[in-house]
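The lines below spell out each chain.
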Amino acid sequence: MAAAKKKMVIAAVVILAIGAGVTYWKTRPTAPADQVTIYGNVDIRQVQAAFDDSGRILRLAVQEGDRVYKGQLLAELDPIRFQDAVDRDQASVATQEQVLARLLAGSRPEEIAEARAAAAAAQAAQANAEITWRRQQALAAEQYVPKQNLDNAVAALKTARANLDHAQQGLTLAIKGPRQEDIAAARSQLAAEQAALHLAQRQLADTKLFAPQEGVVQDRILEPGDMASPQVPVFTLALDNPVWIRAYLPEKSLGQVRLGMQADIESDSFPGKLFAGWVGFISPTAEFTPKTVQTTELRTELVYRLRIYACNPGHRLRLGMPVTVQIPLRNNPPQNRNTNVCGR
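Criteria and cut-off values
- Residues numbered from 1 in each chain as written.
- Predicted model: local features only at pLDDT ≥ 70, side-chain atom pairs only at ≥ 80, totals over all residues.
- Heavy atoms only, no water.
- Salt bridge = Lys/Arg side-chain N within 4 Å of Asp/Glu carboxyl O.
- Helix = DSSP H or I, 4+ residues; strand = E, 2+ residues; numbered from the N terminus.
- Buried < 20%, exposed > 50% of the residue type's maximum accessible area, 1.4 Å probe, protein only.
- Pairing = 2+ DSSP bridges.
- 1 Å grid on protein atoms, 1.4 Å probe; cavity = no way out; pocket = protein on both sides within 12 Å on 5 of 7 lines; lining within 4 Å.
- Points joined across faces, edges and corners; volume = space filled by probe spheres on them.
- Nonpolar A, V, L, I, M, F, W, Y, C, P; charged D, E, K, R; others polar.
- Phe/Tyr/Trp six-rings, centres within 6.5 Å; stacked < 30°, edge-to-face > 60°.
- Lys NZ or Arg CZ within 6 Å of the ring centre and 35° of its normal.
- Axes fitted to C-alpha atoms, helices over the stretch in contact; angles between N-to-C directions.
- Parallel < 35°, antiparallel > 145°, perpendicular 65-115°, else oblique.
- Left-handed = near helix turned anticlockwise from the far one by under 90°.

Peer 1: Sorry if this is basic, but what is going on with the pattern of salt bridges here?
Peer 2: For side chains of opposite charge, pairing can occur when their charged atoms come near one another. Within this structure, the stated rule accounts for 10 salt bridges. Among the salt bridges present, the one from arginine 246 reaches aspartate 43, with a minimum N-O distance of 2.9 Å. Of this pair, arginine 246 sits in strand 8 (residues 235-250) while aspartate 43 sits in strand 1 (residues 35-49), placing them 203 residues apart in sequence. Note on arginine 246: relative accessible area 33%, which makes it partly exposed. Each of Arg59, Glu76 and Lys208 takes part in a single network of salt bridges with overlapping partners.

The following block contains the structure:
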């Protein structure tokens, strides 16, 4: 009996020791992991390249699959009617410039001399009309001439006086030159003509479509002879530098990852090759949430959408490619970065 009890005690001690060991293993403090590993797919942005004006496409300079660079010519519209508008507005500007120059120059000496001569002639005509009027008045008083002659002399004198006043006012205007209001109006009209010319020149320049960024021609939507408009794109460009990785961060790792932290990207297509990237976006809201109230176990399964940017100068990372992202947690402080670091 004593031996049996002894065996039972030993067995109980062993069971308790094993239980304590298991409990310790489950509850032991663990050192934090050195990195967070997540999985995702490569994504890119696209640009719908369209003309700023409507017209018939004259030629297309690139094909689907061609790599294009910022500022490269992609397509052209027929420029004839746009060039005609520029020529018309250039002529209008030249005309208005001459109008303004004439007003600023004022009256020429010859114009003033002409106005003086006209005033002198009017004054002489008035003097002659007065002499005639006095003569007819004296003759009519003695009834040597009909009263009609006197009336004609009076009318001629009034006409001569009006002509003299008109000539004198013309001389004054010639001496003073144009009004400041007329000059200001001419300046405003010139500015309007110049604005119309600039618009026509801009529209002529817009007959050429240039690549807004470096990328690859993904779709060639229109062809030469088609009518283009700002609402209808001609090309779809895939902007593949930088690319970004669409991935999801587990809720338990949310507190370890910060915007701007460095990330290493690995693809099965290039074994052993790491592509440098950085955390560019962390969604503020959880996804794949099954219900509003979460238990402690379920809430650890929540994920947050993450965007990892990566420069792609060799264009090896392509749309949809599955990749593995490793975010080091040690010696990896957040940095202020943007897509311009890729030379775009």
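Peer 1: Explain the pairing of strand 12 (residues 322-328) to me, please; I cannot follow it from the model alone.
Peer 2: Successive residues of a regular strand alternate their side chains across the two faces of the sheet. Pairing analysis gives seven bridges linking strand 1 to strand 12, with the strands arranged antiparallel. What sits directly across from tyrosine 39, in strand 12, is threonine 324. Relative to strand 12, strand 9 (residues 262-267) is paired through four bridges, and the arrangement is antiparallel. Bridge pairing in strand 12 links aspartate 264 to glutamine 326.

Peer 1: Even after reading the chapter, I still don't get the layout of surface pockets, so can you show me in this structure?
Peer 2: Over the atoms, a rolled probe matching the size of one water molecule traces out where space is still vacant. In this structure, the largest pocket spans a volume of roughly 200 Å³. Ile44, Arg67, Val216, Gln218, Ala238, Asp240, Asn312, His315, Leu317, Arg318 and Leu319 together form the lining of the largest pocket. When the residues that make up the lining of the largest pocket are grouped by side-chain class, the tally is five nonpolar, three polar and three charged.

Peer 1: It is not clear to me how the pairing of strand 11 (residues 303-310) should be interpreted in this structure. Could you clarify?
Peer 2: Burial analysis of strand 11 places seven of its eight residues in the buried class, the great majority of the element. Sheet topology note: the strand 10 (residues 274-287)/strand 11 ladder contains seven bridges and is antiparallel. In the strand pairing of strand 11, tryptophan 278 is matched with tyrosine 309.

Peer 1: Help me understand the packing of aromatic side chains, please; the structure alone is not making it clear to me.
Peer 2: Geometrically, a pair of aromatic rings is defined through the distance of the ring centres and the angle of the planes. Taken as a whole and assessed by the stated rule, the structure comprises two aromatic pairs. Consider the rings of phenylalanine 270 and phenylalanine 275, whose centres lie 5.9 Å apart with planes at 75°: the pair is edge-to-face. Owing to a relative accessible area of 6%, phenylalanine 275 belongs among the buried residues under this scheme. Looking at arginine 307, its charged tip hangs above the ring of tryptophan 244, at a distance of 3.8 Å from the centre. The ring of phenylalanine 270 carries arginine 316 above its face, with NZ or CZ at 5.6 Å from the centroid.

Peer 1: I keep staring at the packing of helix 2 (residues 80-105) against helix 5 (residues 180-205) and nothing clicks. Help me out?
Peer 2: Running from N to C, helix 2 and helix 5 cross one another at 160°; their axes reach a closest spacing of 8 Å. By the angle between their directions, the pair helix 2 and helix 5 is classed as roughly antiparallel. Classified by chirality, the crossing of helix 5 by helix 2 is left-handed. Of the residues in the contact of helix 2 with helix 5, the class split is 14 nonpolar, eight polar and five charged.

Peer 1: Sorry if this is basic, but what is going on with unusual backbone geometry here?
Peer 2: Across the chain, the bulk of peptide bonds are trans and the bulk of non-glycine residues have phi less than zero. Omega for the bond connecting asparagine 241 with proline 242 falls within 30 degrees of zero, at 5°, which places this linkage in the cis form. You can see proline 242 is positioned in strand 8. One non-glycine residue with positive phi stands out, namely asparagine 331, at about 50°. Along the chain, asparagine 331 turns up in the segment after strand 12. Judged by relative accessible area, asparagine 331 falls into the exposed class, the value being 82%.

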